[in-house]
Amino acid sequence: SGTPVGAGEPAKQLQQLQRLLAFLREPTYGAPLRTASPYVHSEGADEATAEAEGERAFSRAVAKPAAADARRRAAAREVLVRTLKPLMVRHTKADLALPAPVMLPLSA
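Below or above, wherever it landed, is the structure these notes cover. A quick note: this is a predicted structure, and the numbers were derived from the prediction, not measured.

**A look at unusual backbone geometry**
In step 1: Backbone geometry places Arg25, a non-glycine residue, at a positive phi of 60°.
In step 2: For Arg25, a relative accessible area of 29% translates into the label partly exposed.

Shown next as structure tokens:
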């Protein structure tokens, strides 16, 4: 399952993806945390500016090239893959080393 990005036009999907990067505080295309403590939430102009910077950077590096010719789309895809790779986690049942299921007899 994971975190879905809704179906629809690619530009809207990329916009949703950038919002997820902002939520995750991804430093290049999200809104970086500007405080030294994870328990202090700084609101106001600094946070809005940081979020706008992330949106602009994402637009320049990913969204606009993704809407262009095939060569620029390929470059945008590479940027996106490099950005998402460290953020994504995938586990299979084998990776989790789950114990074998215990089957109990049913009583009548």
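So that's the structure; there's more coming.
**Here we look at helix 3 (residues 70-84)**
In step 1: Counted at 1.5 Å a residue, the expected span for helix 3 with its 15 residues is 21 Å, and the 21 Å between its end C-alpha atoms agrees.
In step 2: All of the buried residues along helix 3 are Ala76, Val79, Leu80, Thr83 and Leu84. Down the axis, helix 3 shows its buried residues gathered within 125° of arc, on one side only. Turned more than 90 degrees away from the buried face of helix 3, the exposed residues are Arg71, Arg77 and Arg82.
In step 3: Near the N-terminus of helix 3, the side chain that reaches the backbone nitrogen of Arg71, with its oxygen 3.1 Å away, is that of Asp69.

Criteria and thresholds
- Residues numbered from 1 in each chain as written.
- Predicted model: local features only at pLDDT ≥ 70, side-chain atom pairs only at ≥ 80, totals over all residues.
- Heavy atoms only, no water.
- Buried < 20%, exposed > 50% of the residue type's maximum accessible area, 1.4 Å probe, protein only.
- Helix = DSSP H or I, 4+ residues; strand = E, 2+ residues; numbered from the N terminus.
- Expected span 1.5 Å × (residues − 1).
- Arc of directions from axis to C-beta.
- Polar contact = N/O pair within 3.5 Å; in protein donor to acceptor, adjacent residues only side chain to side chain.

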